Amino acid sequence: MAIDQVSTLPHPLRPLSPAELSKARDIVVKAQGGDGIGLFFRSALVDEPKKEELTSFLAAEHEGRVPDVVPPRQVKLLYDVIKDGKAQLTETVIDVDAGIIRDTKAFESRCQTSYTAQEFGMFQDICMATDMFKSALEEFILPENFAVTIDPWPYGGPDVDEDIPRYMQGLVYARDMSKNNVDSNHYAYPLPIIPVMDVATKKLVRVDRLATGGKGDSLYPPPPGSKPRKLFENSRPAEYVPELLDRPFRTDMKPINVIQPEGASFKVHADNLVEWQKWRFRVGFTLREGAVLHDVCYDNRPILYRLSFSEMTVPYGDPRPPFQRKQAFDFGDGGIGRAANNLKLGCDCLGAIHYFDCVMVNTEGQPDLAKNVVCLHEQDNGIGWKHTNFRTGRAVVTRLRELVIQFVATLANYEYVFAYKLDTAGGISIETRATGVVSVVPIDEGKTSGYGNIVNPGVLAQNHQHIFAVRIDPAIDSYGAGDTAVVLEESHPVPMNPETNPHGNGYEIRRRRVERAGFADAEPKLNRVLRLEHATKKNEISGKNVGYKLVPSATQLLLADDRSVQAARAPFAKHHLWFTGYRDGELWAAGEFTNQAPREEGGVKAMVERGDWFVDESVENGVNGATTNGVSHEQEEEKGKKSSPVVWSVFGLTHNPRVEDWPVMPVEIHQFHLRPADFFTSNPALDIPSTRNESSVLVPCCDDSSSSGNVNGTQSSTCCSSTSLRTDSTLQQNPVTHLQGTGPDVDPKDLPIGAPKEKRRLSATLSNLFSWKKD
């Protein structure tokens, strides 16, 4: 009865509805609007309940009882209040059930929020309408039938002496219109100019000229010549759309179909609750983060309170001005969720698919439904576990199945594929894939550059990095605020010594609990592992704390000089792991306002510096010297407070482009994993059926038809049959080949006692292995 009562309550984490957005918008318009006042809406999202309130609700939900308190349903709107030509960025939180405003705050002018599609969209039209841009184009002669197009970009970090309003810059290209195809690749023809626009006044500020030299040439562009300069004289097209390719399609690739004849194994509820193979979680979606996983549980045991991609910075390594400003924060500057693709069945996701939509807001504050922004599907990921007992000739094998929660974002030239993958062994994989078109600039023909690679005549793909941050809010087997501990575990060699390591083969595991906010880095030489553990609950088998483990990715981090604006804007990109104290609403590794920011404000560095701690006792030894940050222990306690830990996993891709990345790059894939570590009492995937896939068939070699055909009729329907090895060779069947004993098993009571040493029988294993004969 209690469970039924809980299931009828509207869940606090349910997705935003059009009706809720419309109601919130109307309340704001009534409160903020008026004569001579305009409202320009930027974003709308569910204002997630305070953690203390929500965890109380979740605990009641999982226990099947009615919660004592249901958190209020609140919507957060971000918008400009425009009066007398000036825009005031404002945020309002509305309780849509009560129909009242709970909070409103106005931001300082230096706080530049992300660009909207409308702001990006007006950039090209404004450029094309100005004499300044036309004058810049007159410095060049384009081939006949070439048209100009512009990719709008965030302005990046201002120079040290710059005090600027809301700016935007653009990368300029040309498209060959003679092909009568608007999908002809314009990135093959970059122009050496970058226009800069004041977004507020909608006026072009200037047009920067670009240096196009190679190794040994100046960092700065030469002054314009007396005559226009011809462009693209020896350039080549670089097409990727099928109808324009310069090569035939492969004809020997046969289809692979993902078929689930009995349907999908997962269940999706109307409020975005997903249940699959003992997993249970809720899917959220925000304009900034894309897909978010809430309340991730296995067999009704909580593991994660919230899991999300928090930020990505893409700094370019070309030191020639103005490329120092070419540093995007794709979550904070534009919004990954806002750029999410409408995923297509059979293309982006294969098999039995469920799609999630998202209600977004247009500039008028009205609901705008974004379709198919997240896909959910199962996939096979090879063998899950296997063992063969060659004594009996029996093998048992199961498959590892994953549930994939995936979204794809297109940001100018690049595509990013983000995925959470839950598996049948209790593991969670977090994956990113980078594809699309590399960002390019012009280079004088015949020259090479240390700042990138030539991928097409006159086209330089610049060296750059992609550095990601994933936010992990753990809830290891409990929602209690002090119940999750973070531990760093390392494996160290032990010097050879007669007392503890006489033969030198031993090593020891060293553990230290992370007791204060700080940071750490990957260390493969020590196999540094991050363990998320319940602080007191022990595994009944091992006696260790129940938990999950994460091996931080030992990838290269930010290469920009510590004194640079690029580094000041992205301190998160300097370490692989950050540990911060929980605060409601703190979700951004680089701070809330990354757009045009000269430095980080409110990101992980600032969170660490305030000095939160996770345990009551004082700390003597911290993590990588991050316990004090130049502030005394007493001062830190005054600024900080005891909090539950949040972990930020940072990893990078240093992309020095290859010719093979052109004209569209194969995916670059990165994964890291959360794996159970003493969370269960055995392999949680033991109960996976070892079922033979009946649609698998043999493929003959060459033209030998005698070896073809379906063998299912003579094979067992499972992958654990004792007949599975009967076709093996004698060598394959021999247990000794596989370092197993020959058998048969012997009762110790049947062993002879006290037999003369010289008459003892040699072991059956050695006899078989060396073909020795009994004397």
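Residues numbered from 1 in each chain as written. Predicted model: local features only at pLDDT ≥ 70, side-chain atom pairs only at ≥ 80, totals over all residues. Heavy atoms only, no water.

## A closer look at the state of the cysteines
All told, the structure shown has one disulfide when counted by the stated rule. The disulfide that involves Cys349 links it to Cys375, with 2.1 Å between the sulfurs. Of note, the bridge from Cys349 to Cys375 carries an S-S torsion of about -85 degrees and is left-handed in sense. On the criterion of sequence distance, the pair formed by Cys349 in the loop between helix 6 (330–334) and strand 17 (354–361) and Cys375 in strand 18 (residues 367–389) is long-range, its members being 26 residues apart. Its relative accessible area of 1% is what places Cys349 among the buried residues. A residue is classified by how much of its surface remains accessible, and Cys375, at 0% relative accessible area, is buried. Take Cys358: it sits in no disulfide, and the sulfur closest to it among the cysteines is that of Cys375, at 15 Å. (Disulfide = S-S within 2.5 Å. Helix = DSSP H or I, 4+ residues; strand = E, 2+ residues; numbered from the N terminus. Buried < 20%, exposed > 50% of the residue type's maximum accessible area, 1.4 Å probe, protein only.)

## Some points on the nonpolar core
Phe572, Phe579 and Trp662 are the most contacted members of the largest nonpolar core, which totals 142 residues. Of the residues forming this core, the biggest block, seven residues, is contributed by strand 15 (residues 301–315). Not counting chain neighbours up to four residues away, the residues in contact with Trp662 comprise Asn185, Tyr187, Ala188, Ala238, Val437, Val438, Val440, Val455, Asn456 and Val459. Ala24, Val46, Val75 and Tyr79 belong to the second-largest nonpolar core, a separate cluster that totals 17 residues. (Core = buried A, V, L, I, M, F, W, Y, C linked by side-chain atoms within 4.5 Å. Contact = heavy atoms within 4.5 Å.)

## Topic: the pattern of salt bridges
Scanning the model with the defined rule gives 54 salt bridges in all. Of the charged contacts, one joins Lys51 and Asp473 as a salt bridge, the two residues approaching to 2.9 Å between their closest N and O atoms. Placement of the pair is Lys51 in helix 3 (residues 51–63) and Asp473 in strand 25 (residues 464–474), with a sequence separation of 422 residues. Between Asp246 and Arg247 there is a salt bridge, with the nearest N and O atoms lying 3.1 Å from each other. On the basis of relative accessibility, which here comes to 58%, the residue Arg247 falls in the exposed class. The network of salt bridges with shared partners includes Glu61, Asp271, Glu275, Arg280 and Arg282. (Salt bridge = Lys/Arg side-chain N within 4 Å of Asp/Glu carboxyl O.)

## Here's the deal with the sheet that holds strand 6 (residues 146–154)
An order of 6-7-8-9 is seen for the four strands of this open sheet, with the pairing classed as antiparallel. Here the strands that pair on one side only, and so sit at the sheet edges, are strand 6 and strand 9 (203–209). Neighbour-to-neighbour, the strand axes of the sheet open up by a mean angle of 30 degrees, direction not taken into account. Sheet analysis places strand 8 (residues 193–198) next to strand 9, joined by six bridges and oriented antiparallel. Looking at the pairing, Val196 lines up with Arg206 of strand 9. Taken strand by strand, helix 4 (residues 117–128) contacts strand 6, strand 7 (167–176), strand 8 and strand 9, and its axis lies near 135 degrees from that of strand 6. (Pairing = 2+ DSSP bridges. Axes fitted to C-alpha atoms, helices over the stretch in contact; angles between N-to-C directions.)

## Observations concerning the side chain of Asp521
Within the fold, Asp521 resides in the loop between strand 28 (518–520) and strand 29 (529–538). One buried charged side chain, Asp521, makes no salt bridge at all; its nearest oppositely charged neighbour is Arg528, positioned 6.3 Å away. Side chain to side chain, Asp521 and His575 meet in a polar contact 3.0 Å long. There is a polar contact of 3.0 Å between the side chain of Asp521 and the backbone nitrogen of His576. (Lys, Arg positive; Asp, Glu negative; His and termini not counted. Polar contact = N/O pair within 3.5 Å; in protein donor to acceptor, adjacent residues only side chain to side chain.)

## Quick notes on the environment of Met360
Along the chain, Met360 turns up in strand 17. In this structure the C-alpha to C-alpha distance between Met360 and Ala370, which are ten residues apart in sequence, comes to 6.7 Å.

## Observations concerning the pairing of strand 24 (residues 459–462)
With burial as the criterion, each face of strand 24 is covered, one bearing Val459 and Ala461 and the other bearing Leu460 and Gln462. Both strand 22 (residues 440–442) and strand 24 contribute to a ladder of three bridges, which runs antiparallel. Bridged to Val441 within strand 24 is Leu460. Examined bridge by bridge, strand 23 (residues 452–456) and strand 24 share four bridges and lie antiparallel to one another. If you follow Ile454 over to strand 24, its bridge partner there is Leu460. In sequence, strand 23 turns back onto strand 24 through a hairpin of two residues, with Gly458 there showing a positive phi of about 75 degrees.

What is shown is where atoms sit, not what they do.
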